[in-house]
Amino acid sequence: MKVLDLSRVLAGPSSTQILADLGAEVIKVERPIIGDETRHWNPPNFKDEETGDEMAAYFATVNRNKKSITVDITKPEGQQIIKKLAAESDVLVENFKVGGLKKYGLDYDSLKTINPRLIYASLTGFGQYGPEAHKAGYDYIIQGLSGLMSITGPADGEPHKVGVAVVDLFAGLQLTIGIEAALLAREKTGRGQYVDVALLDSAVAMLANIGMNQLASNSTPPRLGNAHPNITPYQVFATADNNHFILACGNDRQFAKVCEVLGLTLHKDERYSSNPNRVANRDSLQQVLAEAFKQKTREQWLDELQAVGVPCGPIHNVTEALSMPQVIAREMIVSFKDSPVKALGSPIKLSESPVSYRTPPPRLSQHTDETLAAMGYDSVIIAKLKADGIV
């Protein structure tokens, strides 16, 4: 599969990197000289000690296995290059504002006349229609608009965003699924189609059971910090050594085991004997448990709870998480030959057609010449395009 990637920053490029990991040829189109904005979102950088070249860690996050070409799509000559690439591509991915590419003749209606088999995938803030479709979308703002921030953070504090741009990444996954579904449909129909994914739609879908709670009760779900709205005790507790651990007690049997470890008989108290009763009496239960868990260290509690089959675990910092033997064994940290870049690996493990890490994130315009040459442009034309600032 050949993928023409006109997206930048995080959401769109995360989708095309998944496709690239799975074997697609991805040509990333960037602005001349400037490139993708995230090339400049630094520090930190990966630095090549021999050449002195640096690459922003943010850009390297979602741009491996891609070729980089630079094209000025505002110029007719640049538009012609994109049209030629689209004519021979299976998929085009873009995240311009609604209608942003139409003025250049690079919208779906224009390109499908050139290539009826083209899958044209757009990722925008609010989708292609609706009263707010014209607005730009940003992960942070969408986290706020969608209600995600209202249920994230301390119960008695201000709303918090998730620590990474989770809406961008989730929308990128949804876009990938849409593209793959369109490719499967094309096997039957022979025709491409338009894939429309929005950050807001994706964030609303992420509300999952919390959104469903609102629909079922018609009441606004509260912010509960580290507690669970439907299960308790399912939260974080502090221990004697000033550490914290997660207790994920999902049923009455497990709660009885917790009480056994603590030397308490709370599971026999009618207020706490069933999960619905524990949820109704959440505050009083948590006070008792919080005091009890302060009597031993985190590791002591983890050992005792795990020994009786109660789900629990420590809260790692990022360094600890990336150092876990399980993470290493699953090849979730990967490197590239002759490159200083280390990357987070793909979580997709396939037995017959595994993902591959072929090339590190490209230097800006690294593949412009070879791509144009493969399209039939000779060295004289390429030199003129460069001189005119088209590429």
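Residues numbered from 1 in each chain as written. Predicted model: local features only at pLDDT ≥ 70, side-chain atom pairs only at ≥ 80, totals over all residues. Heavy atoms only, no water.

Remarks on the pattern of salt bridges
Logical step 1: This model, assessed by the stated rule, comprises 17 salt bridges.
Logical step 2: Between Glu370 and Lys67 there is a salt bridge, with its nearest N and O atoms 3.9 Å apart. Of this pair, Glu370 sits in helix 15 (residues 368-374) while Lys67 sits in strand 5 (residues 66-70), and the two are 303 residues apart along the sequence.
Logical step 3: For Glu370, a relative accessible area of 44% translates into the label partly exposed. (Salt bridge = Lys/Arg side-chain N within 4 Å of Asp/Glu carboxyl O. Helix = DSSP H or I, 4+ residues; strand = E, 2+ residues; numbered from the N terminus. Buried < 20%, exposed > 50% of the residue type's maximum accessible area, 1.4 Å probe, protein only.)

A look at the sheet that holds strand 7 (residues 119-124)
Logical step 1: The six strands are arranged 5-2-1-6-7-8 in an open sheet whose pairing can be described as parallel. The outermost strands of the open sheet, each flanked by one partner alone, are strand 5 and strand 8 (194-198). Recorded for the sheet is a direction-independent mean angle of 20° between the axes of neighbouring strands.
Logical step 2: Bridging between strand 1 (residues 2-5) and strand 6 (residues 91-94) involves three bridges; their strand directions are parallel. From the neighbouring strand, Val3 faces strand 6, where its bridge partner is Val91.
Logical step 3: Here helix 1 (residues 11-21) sits on the sheet in contact with strand 1, strand 2 (25-30), strand 5, strand 6 and strand 7, set at roughly 165° to strand 1.
Logical step 4: Docked against the sheet, helix 6 (residues 166-189) engages strand 6, strand 7 and strand 8, running at close to 160° with respect to strand 7. (Pairing = 2+ DSSP bridges. Axes fitted to C-alpha atoms, helices over the stretch in contact; angles between N-to-C directions. Contact = heavy atoms within 4.5 Å.)

Quick word on the layout of surface pockets
Logical step 1: The calculated volume of the second largest pocket comes to roughly 560 Å³.
Logical step 2: Together, 33 residues line the second largest pocket, and Met55, Pro361, Pro362, Arg363 and Gln366 are the ones closest to its centre.
Logical step 3: Only strand 2, strand 3 (45-47), strand 4 (54-56) and strand 5 provide two or more residues apiece to the lining of the second largest pocket.
Logical step 4: The element contributing the most residues to the lining of the second largest pocket is strand 4, with three residues.
Logical step 5: Taken together, the residues that form the lining of the second largest pocket break down as 14 nonpolar, nine polar and 10 charged. (1 Å grid on protein atoms, 1.4 Å probe; cavity = no way out; pocket = protein on both sides within 12 Å on 5 of 7 lines; lining within 4 Å. Points joined across faces, edges and corners; volume = space filled by probe spheres on them. Nonpolar A, V, L, I, M, F, W, Y, C, P; charged D, E, K, R; others polar.)

Brief notes about helix 5 (residues 139-146)
Logical step 1: Among the residues of helix 5, those classed as buried are Asp139, Ile142, Gln143 and Ser146. The arc that holds the buried residues of helix 5, viewed along the axis, is 105°, so those residues lie on one side.
Logical step 2: Looking at the buried residues of helix 5, the elements they touch are helix 6 and helix 7 (199-206).
Logical step 3: Immediately beyond the C-terminal end of helix 5, within one or two residues, lies Gly147, with a positive phi of roughly 100°. (Arc of directions from axis to C-beta.)

Some details on the packing of aromatic side chains
Logical step 1: A complete count under the given rule lists eight aromatic pairs for this structure.
Logical step 2: Members of the aromatic cluster, connected to one another through ring pairs, are Phe237, Phe245, Phe293 and Trp301.
Logical step 3: Between Lys161 and the ring centre of Tyr140, over which it is positioned, the NZ or CZ distance is 5.6 Å.
Logical step 4: When the ring centre of Phe255 is taken as reference, the NZ or CZ atom of Arg278 above it lies at 4.4 Å. (Phe/Tyr/Trp six-rings, centres within 6.5 Å; stacked < 30°, edge-to-face > 60°. Lys NZ or Arg CZ within 6 Å of the ring centre and 35° of its normal.)

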